[in-house]
Amino acid sequence: MSPTLHVLRDAPLRARNTFGVEARAAWLGVVDDARALPEALARLPGDQAPLVLGGGSNILFVDDPGMPVLALAGTGIHVLSEDTERVHLRVDAGANWHGFVMDSLARGLCGLENLALIPGTVGAAPIQNIGAYGVEVREFVHAVEAFEPANGEFHRLSPAQCAFAYRDSVFKRERDRYIVTAVEFVLPRRAAPRIGYAGIGEELAAMGVATPDARDVATAVIAIRQRKLPDPAVIGNAGSFFKNPIVPAAQANALKAAHDALPMFPGNDADSRKLSAAWLIDACGWKGHRDPLGSGDAGIAASHALVLVNHGKATGRELFDLARRVADSVHERFGVALEPEPRIIGADWPAAAT
Ligand SMILES: Cc1cc2nc3c(=O)[nH]c(=O)nc-3n(C[C@H](O)[C@H](O)[C@H](O)COP(=O)(O)OP(=O)(O)OC[C@H]3O[C@@H](n4cnc5c(N)ncnc54)[C@H](O)[C@@H]3O)c2cc1C
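In this text the structure is predicted, and so the values were computed from the model without any measurement.

S.K.: Before we move on, can you summarise the sheet that holds strand β18 (residues 307-310) with the specific residues and values?
M.R.: Pairing within the open sheet is antiparallel, and its 3 strands lie in the order β13-β18-β17. Both outer strands of the open sheet, β13 (236-240) and β17 (298-300), are each paired with one neighbouring strand and no more. Ignoring strand direction, the axes of neighbouring strands in this sheet form an average angle of 20°. Inspection of the sheet shows β13 paired to β18 by 3 bridges, in the antiparallel sense. Of the residues in β18, the one forming a bridge with Asn237 is Val309. Of the strands in this sheet, β17 and β18 touch helix α9 (residues 316-334), which is tilted by about 35° from β17.

Structure representation (structure tokens):
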């Protein structure tokens, strides 16, 4: 069967973004096989680069996208090679991330258990190098397969070419250059579980598990996430809305001297430190805030200061404006600029003030 492209006009996007905000795509192309991408690109209206939309769990629509929207629907998981130590898999971009994590665990493979229950697609995982509980996806990415619309070429990028960094990669820095079509992973059959981070050990102890395997760790991570993060099916959100800011070490040390409880982590190098955005936002009193403006449905989660939430009818604009006020208050009090983690469509996040 030849690969196909399905085109929808004036398509509603509310069910395609986890904030659950209203937005419409004038042109939405659903590609069921990456081989249809050249045809899809040839049929795009106008000359704007398309917005590739996965699960919509890291995107805020402040307005309707002014560009055509593409969704990749392929969900295949294929074993390319295996030996007694590890398995090399290729996963289509449209596959559900959590579904793939659980599939890998069911095959007896390790590595991705700390990344369980992150929403979204496999194709989006390398975009911001998803990470949680002390693990980043880059550790297991063998190659990223991508289509480059500008020259119509298919590529296979090595991890070095992907230039992964904290919540960053070449795909985020050179936005719209590549459409990720599949991700190759190499997963070990055996690996020491990583349980030193953020309550995993305590959760396992509470589960009565003394010598955890990868599946036990996934169960613990899922339980912690379900307690801490609002379920987007119930309350619209995109997980952490702000990245943890990386600041000069001198600034971090001065802040730490003034605020002993401020969590501080290594930065990109010896001269920088990563701060906890959640702590800074909480210190400004935003946790659990529900905005009286507009619909009254924009807010900050009571369970986690980093999570911007839509209690029902908030618009993308209301959520954006609230996020700006949160960032402004942190900047005013601590002199630290916060940057959003999700992609924002229809508004510009002002460059950090120096
Ligand atoms: C409750 C909740 C918890 C979360 N927890 C975490 C977490 O712990 N760690 C973490 O890192 N993230 C987390 N996230 C954010 C989000 O789930 C991830 O960033 C995820 O990888 C986004 O996948 P998506 O398919 O929904 O991407 P989308 O939101 O659809 O897209 C995100 C960006 O990637 C681009 N993109 C998507 N697919 C492709 C593709 N195939 N090719 C090129 N570009 C593409 C889009 O254009 C956009 O710029 C969380 C989100 C929620 C709602």
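S.K.: Now, about the site of the ligand: what can you tell me, with residues and values included?
M.R.: In the vicinity of the ligand lie 33 residues, with Val52, Gly54, Ser57, Asn58 and Thr121 positioned nearest. Contacts to the ligand include Gly54, whose backbone N or O atom sits 2.7 Å from an oxygen atom. Between the ligand and Arg343, the relevant distance is 3.2 Å, taken from an oxygen atom to a side-chain nitrogen or oxygen of the residue. Within the complex, 94% of the 980 Å² of free accessible area of the ligand lies under protein. Mapped onto the shell around the ligand, the elements with two or more residues apiece are β3 (51-52), β8 (131-132), β12 (179-188) and β13. Considering each element in turn, the shell around the ligand owes the most residues, 3 residues, to β13. Residues belonging to the shell around the ligand are distributed by class as follows: 16 nonpolar, 13 polar and 4 charged.

S.K.: Kindly report on the sheet that holds strand β10 (residues 141-148), identifying the contributing residues and their values.
M.R.: Strand order in the open sheet formed by 5 strands is β6-β7-β12-β10-β11, and the pairing between neighbours is antiparallel. Each edge of the open sheet is held by one strand with a lone partner, namely β6 (77-82) and β11 (153-157). Neighbour-to-neighbour, the strand axes of this sheet turn through a mean angle of 20°, independent of strand direction. The sheet contact formed by strand β7 (residues 86-92) and β12 spans 7 bridges and is antiparallel. Counted as the bridge partner of Arg86 is Pro188 from β12.

S.K.: Can you explain the packing of helix α5 (residues 200-207) against helix α6 (residues 214-228)? Please cite residues and give values.
M.R.: Each pair of packed helices can be described by the angle between their axes along with the distance between the axes. Between α5 and α6, the least distance of the axes is 9 Å, while the angle of their chain directions is 105°. With respect to their mutual orientation, α5 and α6 come out roughly perpendicular. Judged by residue contacts, Ile200, Glu203, Leu204 and Met207 of α5 engage Asp216, Val217, Thr219, Ala220, Val221, Ala223, Ile224 and Arg227 from α6.

What counts and what doesn't
Residues numbered from 1 in each chain as written. Predicted model: local features only at pLDDT ≥ 70, side-chain atom pairs only at ≥ 80, totals over all residues. Heavy atoms only, no water. Pairing = 2+ DSSP bridges. Helix = DSSP H or I, 4+ residues; strand = E, 2+ residues; numbered from the N terminus. Axes fitted to C-alpha atoms, helices over the stretch in contact; angles between N-to-C directions. Contact = heavy atoms within 4.5 Å. Near = heavy atom within 4 Å. Polar contact = N/O pair within 3.5 Å; in protein donor to acceptor, adjacent residues only side chain to side chain. Areas by Shrake-Rupley, 256 points an atom, 1.4 Å probe, with all protein chains shown as cover. Nonpolar A, V, L, I, M, F, W, Y, C, P; charged D, E, K, R; others polar. Parallel < 35°, antiparallel > 145°, perpendicular 65-115°, else oblique.

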